[in-house]
Amino acid sequence: MIDKLNIVKQRYDEVNDLIIQPDIISDQKRYVELTKEYKDLKDLMVERDKYIELTDNIAEAEEIIADGSDAEMVDMAKMQLEEAKEELPALEEKIRMMLVPKDPEDAKNAVVEVRAGTGGDEASIFAGDIYKMLTKYCESKGWSVSTVDFSEGTNGGFKEIQFEVSGEDVYGTLKYEAGVHRVQRVPQTETQGRVHTSAATVMVFPEAEEFDVQIDPKDVRIDYFCSSGPGGQSVNTTYSAVRLTHEPTGIVAQCQDQKSQHKNKEKAFKVLRSRLYDMELAKKQEEDAAKRGSMVTSGDRSAKIRTYNYPQGRVTDHRINLTLYDLQNIINGDIQKIIDELKLVANTEKLKEASDSL
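Since the structure is predicted, the reported quantities are computational estimates derived from the model, not experimental observations. (Residues numbered from 1 in each chain as written. Predicted model: local features only at pLDDT ≥ 70, side-chain atom pairs only at ≥ 80, totals over all residues. Heavy atoms only, no water.)

Visitor: Can you lay out the packing of helix α1 (residues 2-18) against helix α3 (residues 28-67) for me, pointing to particular residues and giving the numbers?
Guide: Here α1 crosses α3 at 140 degrees, and the two axes come no closer than 9 Å. Taken as axis vectors, α1 and α3 run oblique relative to one another. In the crossing of α1 with α3, the sense of the turn from one axis to the other is left-handed. Contacts between α1 and α3 involve Ile2, Leu5, Asn6, Val8, Lys9, Arg11, Tyr12, Val15, Asn16 and Leu18 on the former and, on the latter, Arg30, Leu34, Glu37, Tyr38, Leu41, Lys42, Leu44, Met45, Arg48, Tyr51 and Ile52. (Axes fitted to C-alpha atoms, helices over the stretch in contact; angles between N-to-C directions. Helix = DSSP H or I, 4+ residues; strand = E, 2+ residues; numbered from the N terminus. Parallel < 35°, antiparallel > 145°, perpendicular 65-115°, else oblique. Left-handed = near helix turned anticlockwise from the far one by under 90°. Contact = heavy atoms within 4.5 Å.)

As structure tokens, this is what we get:
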């Protein structure tokens, strides 16, 4: 392991030198990539120092015990050896996980879209519940959430809602929420007390920087319209809402959250860039997932990923067959334990793949 860590140390020193070079600083894309890499490598260097200290302690203790000339020192060395040997396996496992290659997109911010699926009004209400679950989770992480566009359901919730999330490793975390979420419960609109099944789809795009995707302005049709509120009525009389249509792909992005037409246009372009970037990324993910036979990192948006069963108070994540009887806390945003399990499975797959390729 120390050989691998020494190779990483060489790269850390190299990146440390590169990020202060004027030609790197002037190349925005390269500079952003290198500063993100530097941060990851710095975290690994902290663990490398711990590892060296621990292995040095083991070697020193073994030397004292082998010498055996000072009984008191031998007793202390035995204690030191026992403690260090207890700590070492957990530290090695942590370092192994940190050595797993990260997806470069993971550090990006994200654009999230929640859409009501089958199930009429109840699906819109459930889409609203999923939106609240995700935003409460984001707030608990200290991330900032900003609405881009929404269309409200006739009985509450949303037919669809789009929002941006900014913070640390946002896409790398929220990508595990992408897919079809299914609910089994008695809807508010049900008079007979029967359990219905409805669904909502979550899409998560890595937020693309301007240098990630080049958009030719000639390819984009821009339409301005009045922002609309519940029931479709106009909430202002100025044409501040913006709809962008990327004609080569047919992708549409719109924003009506801000009062300023300029700010709405800026946000809509951000969403359009992210959608185009995600289109390319989805192809790559499908190829990678097919190679690995992985369920967790699949780009398949039609996959049913999770069921929320209200009569049983149960949440089941179908990708890893994880069932938790903690529905109320989960729907209130406590989804960290599910994400941790999914990350663990994904990283274990990557680790195995890295080992197989050696």
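Picking up where we left off.
Visitor: Explain the sheet that holds strand β7 (residues 241-246) residue by residue, including any values.
Guide: A sheet is described by the order of its strands in space; here 3 strands give the open sequence β6-β7-β8, paired in antiparallel fashion. Since the sheet does not close on itself, it has two edges, and those belong to β6 (220-225) and β8 (251-255), each with one partner. If you compare each strand with its neighbour and ignore which way they point, the axes differ by 15 degrees on average. Bridging between β6 and β7 involves 6 bridges; their strand directions are antiparallel. Residue pairing for β7: valine 220 is matched across the bridge by histidine 246. (Pairing = 2+ DSSP bridges.)

Visitor: Provide a residue-level description of the pairing of strand β9 (residues 304-309), including the pertinent values.
Guide: Burial analysis of β9 places 5 of its 6 residues in the buried class, the great majority of the element. Pairing between β9 and strand β10 (residues 314-317): 4 bridges, direction antiparallel. Its bridge partner lying in β10, tyrosine 308 is registered against valine 315. Connecting the antiparallel pair β9 and β10 is a turn made up of 4 residues, with glycine 313 showing a positive phi of about 60 degrees. (Buried < 20%, exposed > 50% of the residue type's maximum accessible area, 1.4 Å probe, protein only.)

Visitor: Could you give me a rundown of a negative patch on the surface, with the residues and numbers involved?
Guide: Together, Glu53, Asp56, Glu60, Glu63, Asp67, Asp70, Glu72, Asp75, Glu82, Glu83, Glu86 and Glu87 give the surface a local cluster of negative charge. Going through the elements one at a time, α3 and α4 (71-99) are the ones with two or more residues in the negative patch. Here the element with the most residues in the negative patch is α4; it accounts for 6 residues. Within the secondary structure, glutamate 87 sits in helix α4. (Patch = residues over 30% accessible without salt bridge, like charges linked within 9 Å, V, L, I, M, F, W, Y side chains within 5 Å. Areas by Shrake-Rupley, 256 points an atom, 1.4 Å probe, with all protein chains shown as cover. Salt bridge = Lys/Arg side-chain N within 4 Å of Asp/Glu carboxyl O. Lys, Arg positive; Asp, Glu negative; His and termini not counted. Charge placed at Lys NZ, Arg CZ, Asp CG, Glu CD.)

Visitor: Summarise the sheet that holds strand β11 (residues 322-324); cite the residues concerned and give the values.
Guide: Overall, mixed pairing links the 8 strands, which are arranged β2-β3-β1-β5-β4-β9-β10-β11 in an open sheet. In this open sheet, the two edge strands, each paired with only one partner strand, are β2 (144-152) and β11. Strand after strand, the sheet turns through a mean of 15 degrees between neighbouring axes, direction not considered. Alignment of strand β1 (residues 110-116) against strand β5 (residues 196-206), held across 7 bridges, turns out to be antiparallel. Within the sheet, the bridge partner assigned to glutamate 113 lies in β5 and is methionine 203. Strands in contact with helix α5 (residues 120-140) are β1, β2, β3 (158-166), β4 (179-185), β5 and β9; relative to β3, the strand with the most contacts, it is inclined by about 10 degrees.

Visitor: Please set out the side chain of arginine 275 residue by residue, giving values where relevant.
Guide: Relative to the elements of secondary structure, arginine 275 occurs in helix α7 (residues 261-292). Judged by its relative accessible area of 15%, arginine 275 is buried.

Visitor: Explain the packing of α3 against α4 to me, using residue names and the numbers behind them.
Guide: Between α3 and α4, whose axes approach to 8 Å, the crossing angle comes to 150 degrees. In this view, α3 runs roughly antiparallel relative to α4, as classed from their interaxial angle. α4 is crossed by α3, and the crossing has left-handed handedness.

Visitor: Outline the confidence of the model for the protein, listing residues and values.
Guide: Considering every residue of the protein, the mean pLDDT works out to 85; 89% of them sit at 70 or more. Mean pLDDT in the protein bottoms out at α7, which sits at 78, and peaks at helix α8 (residues 327-331), which reaches 97. Contacts from residues 230-235, a stretch scored under 50 in pLDDT, to residues over four places away or in other chains number 9 contacts. (pLDDT = per-residue confidence, 0-100.)

Visitor: Requested: an account of α5, with residues and values cited.
Guide: Across its 21 residues, α5 extends 31 Å between first and last C-alpha, which sits within 8% of the 30 Å expected from 1.5 Å per residue. Across the 21 residues that make up α5, a large majority, 15, are buried. Directly after α5, the chain includes glycine 142, whose backbone phi takes a positive value near 80 degrees. (Expected span 1.5 Å × (residues − 1).)

Visitor: Let's hear about unusual backbone geometry: which residues, and what values?
Guide: Even without being glycine, aspartate 169 reaches a positive phi, approximately 50 degrees. Locating aspartate 169 in the fold gives a position in the loop between β3 and α6 (170-174). Judged by its relative accessible area of 28%, aspartate 169 is partly exposed. The residue asparagine 321 is not glycine, and still its phi comes out positive at about 50 degrees. Tracing the backbone shows asparagine 321 in the loop between β10 and β11.

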